[in-house]
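# What the coordinates show
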There are 2 protein chains.
Amino acid sequence: MEQLTDATIAAWTGLMRTSRVLLERVETALKSAGFPPLSWYDVLLEIEMAGAEGLRPYELTDKLLLPQYGTSRLLERIVKAGLIERVACAEDRRGQVLRLTEAGRRMRRRMWPVYARALGALVEDRLDEGEARQLAALLNRLRGGEQGPGDP
Amino acid sequence: MEQLTDATIAAWTGLMRTSRVLLERVETALKSAGFPPLSWYDVLLEIEMAGAEGLRPYELTDKLLLPQYGTSRLLERIVKAGLIERVACAEDRRGQVLRLTEAGRRMRRRMWPVYARALGALVEDRLDEGEARQLAALLNRLRGGEQGPGDP
DNA sequence: GAAATATACATGCATTTGCATCTATTTTGT
DNA sequence: ACAAAATAGATGCAAATGCATGTATATTTC
């Protein structure tokens with residue numbers, strides 16, 4: 001029942017297993033270097049890339065595909081660690097603007113080499129550039145054709 | 001610093017985003033049909049496929065790539081729901097053997113159409129068979145060449 | 001064959017996640 | 001301008017996860 005090709009099943013299980021395994025390895029690399037989880041890196045990077053205007057939490061929710069409460073709590077922890085700060089938002093008094101602290105900027109910079117080394121070993125050493133590009137293309141199609149841009 | 005090609009970055013972010021989005025949609029499909037999470041399906045299927053000899057928890061841990069305590073607790077819940085039962089293991093008194101109950105077998109059968117429909121919409125409708133096969137191949141290479149077999 | 005080591009599984013405790021709902025403000029419709 | 005609806009964000013509570021460690025049995029080593 002429910003005809004699905006073997007190829008579909010193989011793609012799905014490959015996706016589930018591979019993403020879990022690689023993510024776990026990246027997390028392990030960060031943790032064993034004494035760094036916080038990858039999600040913190042994502043937050044720090046997005047805020048840094050947002051530049052001088054800062055970033056609103058709801059924008060982060062969109063970019064990182066997190067549930068709203070997930071963003072709220074993640075930010076709470078990162079703020080508590082002193083890596084970002086919330087500033088009241090001038091043009092919307094419900095909201096806030098996120099900014100990196102100096103410690104946050106430093107943390108992001110220090111995490112990157114560990115992250116990059118892991119990606120080098122896990123991805124770049126295993127796929128040549130053409131393959132990586134093809135994989136990315138297939139994954140993007142799977143995700144539903146075309147969405148907003150994406151960054152590391 | 002830390003040269004990584006754009007293709008590597010694109011493959012990595014594609015992998016993270018796509019796996020999260022698709023998994024979330026599958027989970028949503030199951031939940032809104034009134035079913036338990038996908039991990040329950042995985043457990044039920046593995047036990048069913050193990051056949052008459054049943055399956056040991058540590059084997060499940062290997063197959064599903066779960067941490068040991070994760071398996072222990074997942075099984076606890078599924079047992080409590082009456083879908084599987086633990087039987088004392090004859091040849092290793094530390095261990096146990098898992099078996100499906102009739103309700104477990106039924107549950108797995110009833111979940112499959114929902115699961116399959118989701119995979120049809122998310123994977124099969126978006127990639128033709130050749131693309132799916134290629135995606136699976138690339139993902140398997142990423143996961144570290146060749147491991148044991150894998151099933152849905 | 002006794003002691004050391006390894007394996008199977010469980011569990012207490014802290015952290016994280018999910019869900020539903022709450023408050024405050026902004027936007028919309030009339 | 002005001003009521004209704006939508007949006008930004010927080011939070012209480014329950015469930016799930018991670019981590020370290022515990023207990024029991026098996027296996028290895030000397």
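Provided above is the structure to which this section pertains.
The rules behind these values
Residues numbered from 1 in each chain as written. Chains lettered and ligands numbered in written order. Predicted model: local features only at pLDDT ≥ 70, side-chain atom pairs only at ≥ 80, totals over all residues. Heavy atoms only, no water. Near = heavy atom within 4 Å. Polar contact = N/O pair within 3.5 Å; in protein donor to acceptor, adjacent residues only side chain to side chain. Helix = DSSP H or I, 4+ residues; strand = E, 2+ residues; numbered from the N terminus. Contact = heavy atoms within 4.5 Å. Salt bridge = Lys/Arg side-chain N within 4 Å of Asp/Glu carboxyl O. Buried < 20%, exposed > 50% of the residue type's maximum accessible area, 1.4 Å probe, protein only.

This part covers the protein's contact with DNA strand D. Near DNA strand D you find 19 residues, and of these A:Lys31, A:Tyr58, A:Arg94, B:Tyr69 and B:Arg93 are the closest. Close to the protein, within 4 Å, the atoms of DNA strand D are drawn from sugar and phosphate at a rate of 58%. Take A:Arg86: an N or O atom from its side chain is 2.9 Å from a phosphate oxygen of DNA strand D. Here a phosphate oxygen of DNA strand D and a side-chain polar atom of B:Arg77 are 3.1 Å apart.

All names here are of chain B. On the secondary structure map, Gly104 appears in helix α5 (residues 102-124). As for Gly104 and Glu131, which are separated by 27 residues in sequence, their C-alpha atoms are 34 Å apart. Those residues within four positions of Gly104 in sequence are excluded, and the remaining contacts are Leu44 and Leu83.

Right, let's get into the pattern of salt bridges. All names here are of chain A. This model, assessed by the stated rule, comprises 12 salt bridges over all chains. Put simply, Glu48 and Arg108 hold a salt bridge, and the shortest N to O gap is 2.9 Å. Taken together, the residues span a long stretch of sequence, with Glu48 in helix α2 (residues 38-50) and Arg108 in helix α5 (residues 102-124) at a distance of 60 residues. In this structure Glu48 comes out as partly exposed when scored by relative accessible area, which is 28%. For Arg108, a relative accessible area of 13% translates into the label buried. Residues joined in a network through salt bridges with shared partners are Arg56, Asp92 and Arg94.

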